[in-house]
Amino acid sequence: MNVFVVNCGSSSLKYQLIDSETEKVIAKGLCERIGIDGRLTHKPTGKADVVKEVPMPDHQRAVSYVLEALTDADTGVIKDLSAIDAVGHRIVHGGEKFASSVIITNEVIAAIEECSDLAPLHNPANLIGISACRALMPEVPMVAVFDTAFHQTMPKEAYLYGIPYEYYEKYKIRKYGFHGTSHSFVSKRLLSIIGKENQESKVIVCHLGNGSSITAVKDGKSIDTSMGFTPLDGLIMGTRSGSLDPAVVQYLAGKLTCSVDDVMDILNKKSGVQGISGVSSDFRDLDEASAGGNKRAATALEMFAYRAASYIGSYVMAMNGVDAIAFTAGIGENNINMRRAICNHLGYLGITLDEEANSVRGEEIRISTADSATAVYVIPTNEELAIARETVALL
Ligand code: ADP
């Protein structure tokens, strides 16, 4: 089965065509600057990459360029559109309505629309992706895979905030958590590696990328996660502040004589390791600056590690123990120094790092020594493959 995986943003569209039997990527690519001008980068496996500047006034046009590229005599990988058996859509927010992936129907679309209030930047873009694909491939079955769904198993004590209960009832203000597809994919793989798929188990997944979150997974289910009502909460990130005293918002708005919206913009786009270091949001740049003696870059890295280790500690408490920990995403898979810095805080778990194993980047590997009391692994995430698997499973 060939599954077309679509991740639609407000001005971008990432796609992969995956053969579900071999789980190989047949082609992948990206449309950028939709609604501005438009650029398609198409990467067919085994053929040369194509970059095209083409007008993309809307997402439907972007999808039609992608489908043309996929079926083109030169750049194509399939003969015609009948070779696309299903479409899997990444949807950011499923609210409390969706605790798992679903086949897309008109009712599902309406329910995703109702969740748009909770993710005003993301859900409308995701919906545009669905309608663009439906218009061009009306007969092809489609599945929605939600970033929030995996975390719907959290208990009330983990997801409620300490504010009047009526705001949860009326406005659905609670912790939702994100990166669910990745946390689900990596925790399943970790459980299979440690041989605890169908047993009682306690694992922690650290998805550390530009956006970062950590999840406690007990018996295969998310029981707590560091992102909250929005992806701003929790860890210090590339440009996001992570958790902070909410009183800072009012105080800073007063000092800067600006609006709450302006402060939210600062917390989302100008904070995190970028804001602390003044150097970059990219951990490679921070490592380099820190090695060159930049103190603020060093502080930003120490803060990131300390906050990550704090969440791990609190999730060990939540599960009363931990069998294994996994690192994933850009930083988790590649940043040797950050993995070491986090593990250095975890001596109380009996973790000892295997320096040689930890020097490997981007591969599945155990990075704790054989006698480490808690096993630590690097497991590359693959959200597109996870979406393709969910799509096939449902159809
Ligand atoms: P996103 O959340 O945008 O998907 P990624 O998961 O790609 O982000 O993570 C981006 C982060 O991963 C950057 O901070 C980058 O520095 C880090 N990273 C990627 N590759 C490497 C590498 N080879 N060495 C160190 N850090 C890396």
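Coordinates for the structure precede this section.
Residues numbered from 1 in each chain as written. Predicted model: local features only at pLDDT ≥ 70, side-chain atom pairs only at ≥ 80, totals over all residues. Heavy atoms only, no water.

Colleague: Would you explain the overall build of the protein chain in this entry?
Modeller: When its secondary structure is counted, the protein chain shows 15 helices and 14 strands. The C-alpha radius of gyration of the protein chain comes to 21 Å, within 12% of the 21 Å expected for a compact globule of 395 residues. Oriented by its inertia axes, the alpha-carbon framework of the protein chain measures out at about 60 × 55 × 45 Å. Expressed as a percentage of its 395 residues, the buried residues of the protein chain come to 50%. For the protein chain, long-range pairs separated by at least 24 residues make up 60% of all intrachain contacts whose partners lie at least 6 apart in sequence. For the protein chain, the accessible surface area stands at approximately 18000 Å², while carbon and sulfur atoms represent 51% of it. Side chains of the protein chain give 37 positive and 48 negative charges; the mean places of these two sets differ by 3 Å. (Helix = DSSP H or I, 4+ residues; strand = E, 2+ residues; numbered from the N terminus. Rg over C-alpha atoms; globule rule 2.2 N^0.38 Å. Buried < 20%, exposed > 50% of the residue type's maximum accessible area, 1.4 Å probe, protein only. Contact = heavy atoms within 4.5 Å. Areas by Shrake-Rupley, 256 points an atom, 1.4 Å probe, with all protein chains shown as cover. Lys, Arg positive; Asp, Glu negative; His and termini not counted. Charge placed at Lys NZ, Arg CZ, Asp CG, Glu CD.)

Colleague: So what exactly am I meant to see when it comes to the sheet that holds strand β14 (residues 375-378) here?
Modeller: Backbone hydrogen bonds hold the strands of a sheet together, and the pairing may be parallel or antiparallel. One open sheet holds the six strands; their spatial order is β11-β10-β9-β12-β14-β13, and the pairing between them is mixed. Both outer strands of the open sheet, β11 (221-225) and β13 (365-366), are each paired with one neighbouring strand and no more. Direction of pairing for strand β9 (residues 202-208) relative to strand β10 (residues 212-218): antiparallel, over a ladder of seven bridges. Across the sheet, the residue bridging to I204 is A216, located in β10. (Pairing = 2+ DSSP bridges.)

Colleague: I keep staring at the packing of helix α2 (residues 106-114) against helix α3 (residues 123-136) and nothing clicks. Help me out?
Modeller: Packing of α2 against α3 leaves a shortest axis separation of 10 Å and a crossing angle of 160 degrees. The angle between α2 and α3 places the two elements in the roughly antiparallel class. Crossing geometry of α2 relative to α3 is assigned as left-handed. Of the residues in α3, those in contact with N106, I109, I112 and E113 of α2 are N123, L127, I130 and R134. Taken together, the residues that form the contact of α2 with α3 break down as four nonpolar, two polar and two charged. (Axes fitted to C-alpha atoms, helices over the stretch in contact; angles between N-to-C directions. Parallel < 35°, antiparallel > 145°, perpendicular 65-115°, else oblique. Left-handed = near helix turned anticlockwise from the far one by under 90°. Nonpolar A, V, L, I, M, F, W, Y, C, P; charged D, E, K, R; others polar.)

Colleague: When you look at the site of the ligand in this model, what are you seeing that I'm missing?
Modeller: By nearness alone, 13 residues border the ligand, and N210, D282, F283, G330 and N334 come closest of all. Backbone polar atom of N210 to an oxygen atom of the ligand: 3.1 Å apart, as the coordinates give it. The protein chains hide 67% of the 570 Å² of surface that the ligand would expose on its own. For the shell around the ligand, the secondary structure elements donating two or more residues are α10 (283-291) and α12 (329-334). For the shell around the ligand, the element with the highest residue contribution is α12, accounting for four residues. Looking at the shell around the ligand, its residues break down into three nonpolar, seven polar and three charged. (Near = heavy atom within 4 Å. Polar contact = N/O pair within 3.5 Å; in protein donor to acceptor, adjacent residues only side chain to side chain.)

Colleague: How do you make sense of the pattern of salt bridges when you look at a structure like this?
Modeller: Where charged atoms of side chains with opposite charge meet at close range, the side chains can pair. Across all of its chains, the model carries 15 salt bridges by this definition. Here K196 ties to D323 by a salt bridge, and the two come within 3.5 Å at their closest N and O atoms. Here D323 lies in the loop between α11 (295-319) and β12 (324-328) and K196 lies in the loop between α6 (180-193) and β9, a separation of 127 residues in the sequence. If you follow the salt bridges from partner to partner, you end up with E32, R39 and E53 in one network. (Salt bridge = Lys/Arg side-chain N within 4 Å of Asp/Glu carboxyl O.)

Colleague: I would appreciate a short explanation of the pairing of strand β8 (residues 142-146) in the present structure.
Modeller: A regular strand places its side chains on the two faces of the sheet in alternate fashion. Counting buried positions along β8 gives five out of five residues, so the element sits mostly inside the fold. Neither face of β8 is open: one carries M142, A144 and F146, the other V143 and V145, and all of them are buried. Where strand β7 (residues 102-103) meets β8, two bridges bridge the pair, whose relative direction is antiparallel. Bridging across to β8, V102 finds its partner in A144.

Colleague: Please clarify how the sheet that holds strand β6 (residues 86-91) should be interpreted in this entry.
Modeller: Pairing in this open sheet of eight strands is mixed, and the strands run β5-β4-β3-β2-β1-β6-β8-β7 from one edge to the other. Two strands close off the open sheet at either side, each with one partner strand: β5 (50-53) and β7. Sheet strands in contact with helix α1 (residues 59-71) are β1 (2-8), β2 (13-19), β3 (24-32) and β4 (39-44), and its direction is about 30 degrees off that of β4. Together, β1, β6 and β8 form the strand contacts of α3, whose direction differs from that of β6 by roughly 170 degrees.

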